[in-house]
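Here is what each chain is made of, one letter per residue.
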Amino acid sequence: MGRITDCFQRLAGTGQKALVVYVVAGDPTPATTVPLMHTMVANGASMIELGVPFTDPEAEGPVIQLAHERAMRHRVSLRDTMNMVAAFREQDQSTPVVLMGYVNPIEAMGYEKFASLAAAAGVDGTILVNVPPEEGLVLDTALLAKGIDPVYLLAPTTPEARARMIFERSRGFTYYVSLKGTTGAGNLDVGEVQERVAEFKTYATTPVVVGFGIKDGVTAAQVAEVSDGAVVGTAIVSLMAAHEQQPEQLAEAVAALVQEMRTAMDTVS
Amino acid sequence: MTHTEHNSLAADTATRVAGLNEALAVMPDETGHFGPYGGRFVSEVLMTALQELDEAYRRLKHDKKFMADFHYDLQHYVGRPSPLYFAERLTQQAGGARIMLKREDLNHTGAHKINNCIGQALLAKHMGKPRVIAETGAGQHGVASATVAARFGLKCRVYMGADDIARQSPNVYRMKLLGAEVVPVTSGSRTLKDALSEAMRDWVTNVDDTYYIIGTVAGPHPYPMLVRDFQSVIGTEARQQCLQQFGKLPDAIVACVGGGSNAMGIFHPFLEDSQVRLIGAEPAGRGLATSQHAAPLSRGSVGILHGTRTYLMQDEDGQVLDTYSISAGLDYPGVGPEHAWLKDIKRAEYVAVDDQRALHAFRQCNLLEGILPALESAHGLAHAMELAATMDKEDIIIVNMSGRGDKDIPTMAKIDGMRLD
């Protein structure tokens with residue numbers, strides 16, 4: 001069994017929900033990423049989504065677009081991103097790491113080569129924003145052969161029949177994009193999210209994690225009430241921009257934010 | 001071989017060829033693929049909207065009223081059919097095949113872009129979407145979108161790279177006059193590809209009430225198909241006009257290729273006429289040997305961007321490269337997936353024409369024909385003139401004169417050291 005499934009089982013044992021944190025590899029600098037991953041885990045993160053820098057991050061709001069641009073200034077590639085995971089694994093064998101991003105760097109590397117290198121680095125899954133299940137068949141075969149979970153996404157616009165198909169294809173967990181919009185948009189309707197996730201949970205075959213628009217502990221706690229976990233991305237990434245020049249302050253600020261989210265989520269669960 | 005055997009072989013060959021031709025004509029497949037290209041590489045949020053669009057379009061293209069409305073506007077609003085004009089002096093200059101210009105530059109708003117915009121605005125109306133968005137590079141598609149929005153009473157927002165806004169101020173003002181909101185895009189390379197990404201972000205956010213008018217034969221399925229179909233009026237007319245004027249089909253068709261909508265529009269009705277050479281001219285910018293061009297079919301590799309798998313300008317890490325062309329309308333790192341397919345199966349050929357050759361053709365067209373072509377179209381013309389010289393006098397080349405060059409006057413004046421204000 002993979003680290004992702006282990007992680008959800010461990011959390012179920014303690015009655016906690018997954019706090020999934022997102023940073024872009026190499027933002028603000030390549031040297032910051034691995035220490036920051038450890039900091040986030042030490043402060044309560046259950047799982048890490050590591051963004052793969054890309055020149056054209058279509059689904060991101062302005063905050064995460066700039067994170068991709070900062071990482072691209074250091075020319076951080078898919079291969080570099082996997083090297084960071086391998087470095088993280090030297091000290092952490094249990095926290096799942098999922099690569100999140102756009103498919104083109106993987107397409108350029110080749111599916112099988114990517115799957116081999118990712119598995120060797122200790123990557124547990126992929127979330128590819130621009131690959132719906134219909135376009136992911138060939139890639140999934142390569143990933144599954146190496147024990148990597150293809151995580152698919154659900155959206156507010158996804159009808160039930162399609163959601164069932166997505167659950168069939170998704171491994172590890174399924175990611176509910178909780179709003180119509182880009183990452184970090186401000187229009188999250190928590191009541192609507194809770195309702196929709198509760199509906200998914202009646203037929204879900206994987207854990208359901210909610211992301212996009214979770215800005216603070218209160219929202220994370222409300223989302224965690226009905227789901228198996230919450231993703232915090234833009235809120236963390238904003239700190240990178242604010243503390244680009246001060247790595248120590250950055251680590252402190254990220255630690256404090258992750259702790260706040262963890263505490264809030266543990267209060268409800 | 002007996003007579004019967006021969007007949008049966010001929011029939012068999014005919015069936016096989018018909019099968020092949022039919023296969024070409026009915027692309028893409030059900031899932032929106034042209035062989036390995038195309039598809040629907042988008043966020044889950046958009047999947048349902050794209051399915052709805054696909055269903056609406058498949059229904060409406062067989063709807064007599066819808067198609068009648070489309071053709072009414074093409075005739076009375078756009079001014080179709082556009083002439084197929086014999087460029088006698090350019091032909092003499094080139095010294096070979098007869099050069100015919102398909103005059104899309106005479107359309108309302110000055111380019112072929114309007115054909116597609118009429119079709120998509122009608123789709124938006126039928127789908128009950130009160131708001132349209134569009135991306136634009138040179139501003140031609142933005143102007144065409146703003147125009148149809150005014151014509152059909154739709155709210156319109158156009159995304160345009162901040163650098164392109166600076167280069168194309170007359171078109172920006174024109175869109176504003178038409179009541180559209182023009183939003184500068186400051187992310188990435190601040191040009192067309194970033195405007196496209198930003199339009200997709202808007203669509204993801206406002207998918208319930210918004211229709212996205214994509215301006216070229218790229219993007220996720222069904223856009224490459226429906227934009228091609230709306231633009232096919234160019235090729236359908238050209239085919240009839242050529243048969244009427246010469247009693248035969250042309251020997252070659254040449255069109256410039258950025259995203260590739262004018263080329264796809266004129267190529268598509270000729271796909272089954274295997275004797276007609278189809279040639280797309282990509283922008284070679286400062287030369288294919290430099291990194292400053294926008295010729296993915298000539299120098300790119302297969303990748304995925306803006307919803308589709310196609311040839312792309314990218315580095316070995318799969319990062320999309322900045323492109324360059326003197327013509328803003330061709331300055332895009334990808335190309336429509338059907339062109340990628342036609343290249344691979346060798347039904348179309350793709351060449352690259354650099355800035356200098358395009359500028360030369362631009363000037364010759366002005367001096368010898370009294371026609372001011374768009375810099376985009378001048379790329380096609382440049383290749384056609386060189387090709388004509390290698391062909392027989394009886395041969396016919398049709399060049400898609402996809403747009404007029406009024407918008408390029410500031411660029412040209414700058415090159416010539418003229419001050420316009």
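Here the structure is a predicted model, which is why all the values come from computation and not from measurement.

A. Structural view of the sheet that holds strand β4 (residues 125-128) of chain A. All names here are of chain A. What the 9 strands build is an open sheet, ordered β5-β4-β3-β2-β1-β9-β8-β7-β6; its pairing is parallel. Looking at which strands have only one partner, the edges of the open sheet turn out to be β5 (149-151) and β6 (153-154). Relative to strand β2 (residues 47-51), strand β1 (residues 18-24) runs parallel, the two sharing 5 bridges. For V21, the partnering residue across the bridge sits in β2 and is I48. Packed on one face of the sheet, helix α12 (residues 247-268) meets β1 and β9 (229-232) and runs near 160 degrees to β1.

B. Representation of the interface of chain B and chain A within the structure. Contact residues are listed per partner, giving 37 residues for chain B and 38 residues for chain A. Regarding the contact of chain B and chain A, the summed buried area is about 2,800 Å², with carbon and sulfur atoms giving 46% of it. The largest contributions to the chain B side of the interface with chain A come from E44, R201 and Q319 of chain B, which together make up 24% of the buried area. On the surface where chain B and chain A come into contact, there are 4 salt bridges. Measuring nitrogen to oxygen at the nearest pair gives 2.8 Å for the salt bridge that ties R162 of chain A to E44 of chain B. Remark: the boundary between chain B and chain A carries 21 residue pairs in polar contact (both at pLDDT 80 or more). Listing elements by their share of the side of chain B that touches chain A, those giving two or more residues are β2 (37-41), α2 (44-60), α9 (192-205), β11 (301-305) and β12 (307-312) of chain B. For the side of chain B that touches chain A, the leading source of residues is α9 of chain B, giving 8 residues. Classifying every residue of the side of chain B that touches chain A gives 12 nonpolar, 15 polar and 10 charged.

C. Structural context of the domain arrangement of chain B. Residue and element names in this part refer to chain B. Split by domain assignment, chain B resolves into domain 1 (34-73 + 112-227) and domain 2 (81-111 + 232-415). For domain 1 and domain 2, the distance between their C-alpha centres works out to 22 Å. Domain 1 puts 37 residues into the contact, and the matching count from domain 2 is 38 residues. Both faces considered, domain 1 and domain 2 share a buried interface measuring about 3,100 Å² in area, 62% of it formed by carbon and sulfur atoms. Across the domain 1-domain 2 interface, the total number found is 0 salt bridges. Joining domain 1 to domain 2, the criterion identifies 13 residue pairs in polar contact (both at pLDDT 80 or more). For the side of domain 1 that touches domain 2, the elements supplying multiple residues, two or more each, are β2, α5 (113-126), α6 (140-152), α8 (169-177), α9 and α10 (223-231). Each residue belonging to the side of domain 1 that touches domain 2 can be placed in one class, and the counts come to 17 nonpolar, 15 polar and 5 charged.

D. Broad picture of the sheet that holds strand β13 (residues 348-354) of chain B. Residues and elements named next belong to chain B. Sheet architecture is open: 6 strands sit in the order β3-β4-β14-β9-β10-β13, paired in mixed fashion. Sheet topology places β3 (84-86) and β13 at the edges, where each strand pairs with a single neighbour. The mean angle between the axes of side-by-side strands here comes to 30 degrees, regardless of whether they run parallel or antiparallel. Pairing of strand β10 (residues 277-285) with β13 involves 7 bridges; the strand directions are parallel. Paired with G285 across the two strands is D354, which belongs to β13. Contacts from helix α11 (residues 233-246) reach β3, β4 (98-103) and β14 (396-401) within the one sheet, and its direction differs from that of β4 by about 140 degrees.

E. Just a nonpolar patch on the surface, in detail. A cluster of nonpolar side chains, I409, M418 and L420 of chain B, forms an exposed patch at the surface whose accessible area comes to about 300 Å². Within the fold, M418 of chain B resides in the segment after α17 (409-415).

F. Up close: the environment of Y175 of chain A. All names here are of chain A. Residue placement: Y175 occurs in strand β7 (residues 174-177). For the pair Y175 and V231, spaced 56 residues apart in sequence, the C-alpha to C-alpha distance is 9.0 Å. When sequence neighbours within four positions are dropped, the list of residues in contact with Y175 reads E49, M100, I127, V151, Y152, L153, L154, V209, G211, F212 and V231.

G. Highlighting the packing of aromatic side chains. Across all of its chains, the model carries 13 aromatic pairs over all chains by this definition. Consider the rings of Y176 of chain A and F200 of chain A, whose centres lie 5.2 Å apart with planes at 70 degrees: the pair is edge-to-face. Separated by 24 residues along the polypeptide, Y176 of chain A in strand β7 and F200 of chain A in helix α9 (residues 190-201) bring together distant segments of the chain. Owing to a relative accessible area of 0%, F200 of chain A belongs among the buried residues under this scheme. Considering the side-chain rings of F200 of chain A and Y203 of chain A, the 6.4 Å spacing of their centres and the 90 degrees angle between planes classify their relative orientation as edge-to-face. Taken individually, F200 of chain A and Y203 of chain A each receive the classification buried, so the pair is uniform in this respect. Through a chain of ring-to-ring contacts, three or more aromatic side chains come together here, namely F167, Y176, F200 and Y203 of chain A. The positively charged end of R286 of chain B is found above the aromatic ring belonging to Y324 of chain B, 4.0 Å away from the centroid.

H. The arrangement of the packing of α2 of chain B against α10 of chain B in detail. All names here are of chain B. Running from N to C, α2 and α10 cross one another at 30 degrees; their axes reach a closest spacing of 10 Å. As summarised for this structure, α2 and α10 are arranged roughly parallel, according to the angle between their axes. Considering only the axes of α2 and α10, their crossing is left-handed. Of the residues in α10, those touching α2 at L50, L53, D54, Y57 and R58 are Y223, M225, L226, D229 and F230. Residues that form the contact of α2 with α10 fall into these classes: 7 nonpolar, no polar and 3 charged.

I. Molecular detail of the side chain of E338 of chain B. Take E338 of chain B: it is sitting in helix α14 (residues 337-344). Side-chain polar atoms of E338 of chain B contact the side chain of R228 of chain B, separated by 3.1 Å.

J. View of the state of the cysteines. Residue and element names in this part refer to chain B. Under the definition given, this model contains 0 disulfides over all chains. With no disulfide of its own, C117 has C156 as its nearest cysteine by sulfur position, at a separation of 8.8 Å. Owing to a relative accessible area of 0%, C117 belongs among the buried residues under this scheme. You can see C256 has no disulfide; the closest cysteine sulfur is in C365, sitting 13 Å from it.

What counts, and where the lines are drawn
- Residues numbered from 1 in each chain as written.
- Chains lettered and ligands numbered in written order.
- Predicted model: local features only at pLDDT ≥ 70, side-chain atom pairs only at ≥ 80, totals over all residues.
- Heavy atoms only, no water.
- Pairing = 2+ DSSP bridges.
- Helix = DSSP H or I, 4+ residues; strand = E, 2+ residues; numbered from the N terminus.
- Contact = heavy atoms within 4.5 Å.
- Axes fitted to C-alpha atoms, helices over the stretch in contact; angles between N-to-C directions.
- Buried area = accessible area lost by both parts, 1.4 Å probe.
- Salt bridge = Lys/Arg side-chain N within 4 Å of Asp/Glu carboxyl O.
- Polar contact = N/O pair within 3.5 Å; in protein donor to acceptor, adjacent residues only side chain to side chain.
- Nonpolar A, V, L, I, M, F, W, Y, C, P; charged D, E, K, R; others polar.
- Domains from an automatic or database assignment.
- Patch = residues over 30% accessible without salt bridge, like charges linked within 9 Å, V, L, I, M, F, W, Y side chains within 5 Å.
- Areas by Shrake-Rupley, 256 points an atom, 1.4 Å probe, with all protein chains shown as cover.
- Phe/Tyr/Trp six-rings, centres within 6.5 Å; stacked < 30°, edge-to-face > 60°.
- Buried < 20%, exposed > 50% of the residue type's maximum accessible area, 1.4 Å probe, protein only.
- Lys NZ or Arg CZ within 6 Å of the ring centre and 35° of its normal.
- Parallel < 35°, antiparallel > 145°, perpendicular 65-115°, else oblique.
- Left-handed = near helix turned anticlockwise from the far one by under 90°.
- Disulfide = S-S within 2.5 Å.

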